[in-house]
Amino acid sequence: MAAFKRNILITGGAGFIGNHVVRLFVNKYPDYRIINLDKLTYAGNLANVSDVACRGNYVFAKCDICDAAAVAELFARYDIDGVIHLAAESHVDRSIHDPMAFARTNVLGTLTLLQAALEHWRGGDMSGKRFYHISTDEVYGALHAEGGFFTEATRYDPHSPYSASKASSDHFVRAFHDTYGMPTLVTNCSNNYGPRQFPEKLIPLFVNNIRRRRPLPVYGRGLNVRDWLYVEDHARAIDLIFHHGHAGETYNIGGHNEMRNIDMVKALIAVTDRLLGRADGEDSGLITYVTDRAGHDLRYAIDASKLERELGWRPQVSIAEGLELTVKWYLDNQQWLDSVTSGEYMNYYEKMYGNR
Ligand code: NAD
Ligand code: TDX
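This write-up is about the structure you can find in this document. (Residues numbered from 1 in each chain as written. Chains lettered and ligands numbered in written order. Predicted model: local features only at pLDDT ≥ 70, side-chain atom pairs only at ≥ 80, totals over all residues. Heavy atoms only, no water.)

1. With respect to the environment of Glu 310
Part 1 of the argument: The residue Glu 310 is located in helix 9 (residues 305-311) in this model.
Part 2 of the argument: Apart from residues lying up to four places away in sequence, Glu 310 is in contact with His 246 and Tyr 251. (Helix = DSSP H or I, 4+ residues; strand = E, 2+ residues; numbered from the N terminus. Contact = heavy atoms within 4.5 Å.)

2. Quick notes on the site of ligand 1
Part 1 of the argument: In the neighbourhood of ligand 1, 29 residues make up the surrounding shell, with Ile 17, Asp 38, Ser 90, Tyr 162 and Lys 166 lying closest.
Part 2 of the argument: Contact between ligand 1 and Lys 39: a nitrogen atom at 3.1 Å from a main-chain N or O atom of the residue.
Part 3 of the argument: Broken down by secondary-structure element, the contributors of at least two residues to the shell around ligand 1 are helix 1 (16-28), strand 2 (32-38), strand 5 (130-136), helix 5 (161-180) and strand 7 (191-193).
Part 4 of the argument: Residue composition of the shell around ligand 1, grouped by class: 14 nonpolar, 11 polar and 4 charged. (Near = heavy atom within 4 Å. Polar contact = N/O pair within 3.5 Å; in protein donor to acceptor, adjacent residues only side chain to side chain. Nonpolar A, V, L, I, M, F, W, Y, C, P; charged D, E, K, R; others polar.)

3. Some thoughts on the packing of aromatic side chains
Part 1 of the argument: By the definition in use, this model includes 17 aromatic pairs.
Part 2 of the argument: With a centroid separation of 6.2 Å and an interplanar angle of 45°, the aromatic rings of Phe 150 and Tyr 300 are classed as tilted. Taken together, the residues Phe 150 in the loop between strand 5 and helix 5 and Tyr 300 in the loop between strand 12 (287-290) and helix 9 connect sequence positions 150 residues apart.
Part 3 of the argument: Among the residues examined, Tyr 300 registers a relative accessible area of 2% and is labelled buried.
Part 4 of the argument: Each residue in the set Phe 25, Tyr 29, Tyr 32 and Phe 242 is aromatic and connected to the rest through ring pairs, giving one cluster.
Part 5 of the argument: Above the ring of Tyr 42, the side-chain terminus of Arg 94 is found at 3.5 Å from the ring centroid.
Part 6 of the argument: The positively charged end of Lys 306 is found above the aromatic ring belonging to Tyr 251, 4.8 Å away from the centroid. (Phe/Tyr/Trp six-rings, centres within 6.5 Å; stacked < 30°, edge-to-face > 60°. Buried < 20%, exposed > 50% of the residue type's maximum accessible area, 1.4 Å probe, protein only. Lys NZ or Arg CZ within 6 Å of the ring centre and 35° of its normal.)

4. Brief notes about the pairing of strand 10 (residues 250-253)
Part 1 of the argument: Here strand 10 shows no split at all, with Thr 250 and Asn 252 on one side and Tyr 251 and Ile 253 on the other all buried.
Part 2 of the argument: Looking at chain direction, strand 6 (residues 184-189) and strand 10 are connected through 4 bridges and run parallel. Residue pairing for strand 10: Cys 189 is matched across the bridge by Ile 253. (Pairing = 2+ DSSP bridges.)

5. Some points on the sheet that holds strand 11 (residues 258-260)
Part 1 of the argument: The strand order 7-9-11 describes an open sheet built from 3 strands, whose pairing is mixed. One side of each edge strand has no neighbouring strand; the edge strands of this open sheet are strand 7 and strand 11. Each adjacent strand pair in this sheet contributes to an overall mean axis angle of 50°, direction not counted.
Part 2 of the argument: Summarising the sheet, strand 9 (residues 225-230) and strand 11 pair through 3 bridges and their orientation is antiparallel. Bridged to Asp 227 within strand 11 is Glu 258.
Part 3 of the argument: Against the sheet, helix 7 (residues 231-244) engages strand 7 and strand 9, with an angle of about 70° to strand 9. (Axes fitted to C-alpha atoms, helices over the stretch in contact; angles between N-to-C directions.)

6. Digging into helix 11 (residues 334-342)
Part 1 of the argument: Listing the buried residues of helix 11 in full gives Trp 336, Leu 337, Ser 339 and Val 340. Down the axis, helix 11 shows its buried residues gathered within 165° of arc, on one side only. With respect to the buried face of helix 11, the exposed residues turned more than 90 degrees away are Gln 335 and Ser 342.
Part 2 of the argument: In this fold, the buried residues of helix 11 make contact with helix 6 (202-211) and helix 10 (319-332).
Part 3 of the argument: A positive phi of about 90° marks Gly 343, the residue just after helix 11. (Arc of directions from axis to C-beta.)

7. Some words on the pattern of salt bridges
Part 1 of the argument: Applying the stated rule across the entire model yields 22 salt bridges.
Part 2 of the argument: With a shortest N-O distance of 2.9 Å, Arg 77 and Glu 73 are connected by a salt bridge. Of this pair, Arg 77 and Glu 73 both sit in helix 2 (residues 68-78), 4 residues apart, which is roughly one turn of the helix.
Part 3 of the argument: With relative accessibility at 47%, the residue Arg 77 sits in the partly exposed group.
Part 4 of the argument: On the basis of relative accessible area, Glu 73 is assigned to the partly exposed category, the value being 37%.
Part 5 of the argument: Linked through salt bridges whose partners overlap, the residues forming this network are Arg 213, Asp 273, Arg 278, Glu 282 and Asp 283. (Salt bridge = Lys/Arg side-chain N within 4 Å of Asp/Glu carboxyl O.)

8. Things to note about the environment of Phe 206
Part 1 of the argument: With respect to the helices, strands and loops of the structure, Phe 206 is situated in helix 6.
Part 2 of the argument: We classify Phe 206 as buried; its relative accessible area is 1%.
Part 3 of the argument: With residues up to four places along the chain from it excluded, the contact list for Phe 206 reads Leu 216, Pro 217, Val 218, Val 265 and Leu 268.

9. Some remarks on the sheet that holds strand 4 (residues 82-85)
Part 1 of the argument: The 7 strands are arranged 3-2-1-4-5-6-10 in an open sheet whose pairing can be described as parallel. Looking along the sheet, the strands with just one partner apiece sit at the ends: strand 3 (58-62) and strand 10. Strand after strand, the sheet turns through a mean of 20° between neighbouring axes, direction not considered.
Part 2 of the argument: For strand 4 and strand 5, the ladder comprises 4 bridges, and the chain directions are parallel. The residue of strand 5 that forms the bridge with His 85 is His 133.
Part 3 of the argument: Running over the sheet, helix 2 touches strand 1 (6-11), strand 2, strand 3 and strand 4 and is turned about 170° from strand 2.

What follows is the structure in structure tokens.
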């Protein structure tokens, strides 16, 4: 077996953000072995990483982060020295219907990973190790309609079962730094968008519905504000922070792209109609105001100045460029959308790896 400079465990690598992180690391660091651990829930899709599946520095492990024995076995087998932890239940609406699944994966799963890392690393020099936990701005709660940003010092105030579970996992990660001296990193990022996002989330759901001329269910009056970041800018931030972030620190990541949902929906209609050769605004009539999400946070906005100041990070993709790239990707990859919405993508694992 070739010796690798580092053995990095990326969890949730078959999901939306994870596949971009896996691709970036496999391509940029041929001397690292990248172990993609994913349970392949409804949100995990191996087609998302099919372009790197045959690479010599890539390994896929189908595994539940709550399975302590299986996780420990992976740490031992690959002598893991860095973790980038993205695996999670990630959809707020699902958390309202099934909060227990969120506590299980996001809280207990994260704790299981932390314990496996500690068992594998303790007794040796931990200073070169890294446990990097990817979290969300939703742990900070909601801002007023105008003014104010979340900083790293903002008090946690989660409102949904999803954000409560992420807040809990963030606290466990910091506790492992403070209690056991584990070199941890936590980042809290704003809403991501881009290719290969599961079409339950606003942007891919709406592009798919515009394409198929289905209603666009806008919650409440569409006045909630989200701060959008192109997913590849997030992946680049993760790479930078994994390598240069200071152990024990937290960094906020965001693109300074605040938009009211209704403005985002209008922008999506404009771009999608143009790319499909339809008349401008032809699909505006699809907008349908529906009952608001329970506990719907009004506004998120990230102050990412610590990351910019200390590590020199800047997003590279503007919202106009990013929306163009994103809508174009979904329209050019309608087969991906169709296989995800039909459920056919779930057979991919057996096709790739057989029944093991
Ligand atoms: P996603 O739902 O698209 O992907 C999650 C992945 O985790 C899937 O591949 C799924 O199969 C896997 N997974 C779920 N439960 C698992 C388990 N028990 N064991 C192993 N694997 C499991 O999520 P995403 O949008 O890519 O988010 C990734 C991470 O980034 C999450 O931790 C999320 O909280 C965080 N985050 C997301 C956003 C966003 O806008 N999407 C913003 C900030 C932070
Ligand atoms: O059908 C919809 N109609 C609608 O109005 C959907 C799916 C969403 N919305 C609204 C709710 C939000 O205000 O659009 C906004 C964005 O919704 P989502 O795409 O569900 O994202 P959000 O709830 O903001 O959370 C996302 O960003 C932060 C991710 O799902 C989280 O994992 C991440 O932590």
